[in-house]
Amino acid sequence: VSARIYRQTFRDGVVKSGDENLDWSANWAKLCGLTKDGNDEISDLMRMYFFIHTDHEGGNVSAHATHLVGSALSDPYLSYAAGMCGLA
């Protein structure tokens, strides 16, 4: 559904069929038209992004930790590190 919305909004509106030989993230990148064969840096980036954000609770914990540490006017690196530790 998201690939169709993306193609309709930002591309030509034509959604191609998926490839059963690709994993979920590579297939999504191909359906969106971000890659031609599904095996490149965009697919790897989406694989990492989906991996980190698949766990709904992990995303909420990391966002809360990042905002909490950042609200103490800490260094941005420390805020980012707190968010990553929240995912562990």
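Model, not experiment: these values are computed from the prediction.

Student: Let's hear about the overall build of the protein chain: which residues, and what values?
Tutor: Helices and strands together make up the secondary structure of the protein chain, namely five helices and zero strands. Each helix (α) and strand (β) of the protein chain, taken in turn from the N terminus, gives the series α-α-α-α-α. For 88 residues, the compact-globule formula gives about 12 Å, and the C-alpha radius of gyration of the protein chain, at 17 Å, lies well above that figure. Reported as C-alpha extents along the three principal axes, the dimensions of the protein chain are approximately 45 × 25 × 20 Å. Evaluated residue by residue, the protein chain yields a buried proportion of 25% over its 88 residues. In the protein chain, 27% of the contacts between residues at least 6 apart in sequence involve partners at least 24 apart. Charged side chains in the protein chain number 7 positive and 11 negative. The centres of these two groups are separated by 13 Å.

Student: Any details on the packing of aromatic side chains? Residues and values, ideally.
Tutor: Taken as a whole and assessed by the stated rule, the structure comprises four aromatic pairs. An angle of 65 degrees between the planes, with centres 4.7 Å apart, marks the rings of Trp-24 and Phe-50 as edge-to-face. Within this pair, whereas Trp-24 is found in helix α2 (residues 24–32), its partner Phe-50 is found in helix α3 (residues 41–53), the two being separated by 26 residues in sequence. Overall, Trp-24 belongs to the exposed group, its relative accessible area being 60%. Aromatic pair Trp-28 and Phe-50: ring centres 5.5 Å apart, planes at 85 degrees, arrangement edge-to-face. Of this pair, Trp-28 sits in helix α2 while Phe-50 sits in helix α3, and the two are 22 residues apart along the sequence. Overall, Trp-28 belongs to the buried group, its relative accessible area being 18%.

Student: Which residues make up the pattern of salt bridges, and what values do they have?
Tutor: Two side chains that carry opposite charge are able to pair once their charged atoms sit near each other. All chains considered together, the criterion is met by three salt bridges. Here Arg-47 makes a salt bridge to Asp-23, at a shortest N to O gap of 2.6 Å. Here Arg-47, found in helix α3, pairs with Asp-23, found in the loop between α1 (2–10) and α2; they are 24 residues apart in sequence, far enough to count as distant. With relative accessibility at 34%, the residue Asp-23 sits in the partly exposed group. Measuring nitrogen to oxygen at the nearest pair gives 2.6 Å for the salt bridge that ties Arg-47 to Asp-44. Of the two residues, Arg-47 and Asp-44 are both situated in helix α3; the distance of three residues between them amounts to about one turn of the helix. On the basis of relative accessibility, which here comes to 41%, the residue Asp-44 falls in the partly exposed class. Look at the salt bridges and you will find they share partners, linking Asp-23, Asp-44 and Arg-47 into a network.

Rules and cut-offs
Residues numbered from 1 in each chain as written. Predicted model: local features only at pLDDT ≥ 70, side-chain atom pairs only at ≥ 80, totals over all residues. Heavy atoms only, no water. Helix = DSSP H or I, 4+ residues; strand = E, 2+ residues; numbered from the N terminus. Rg over C-alpha atoms; globule rule 2.2 N^0.38 Å. Buried < 20%, exposed > 50% of the residue type's maximum accessible area, 1.4 Å probe, protein only. Contact = heavy atoms within 4.5 Å. Lys, Arg positive; Asp, Glu negative; His and termini not counted. Charge placed at Lys NZ, Arg CZ, Asp CG, Glu CD. Phe/Tyr/Trp six-rings, centres within 6.5 Å; stacked < 30°, edge-to-face > 60°. Salt bridge = Lys/Arg side-chain N within 4 Å of Asp/Glu carboxyl O.

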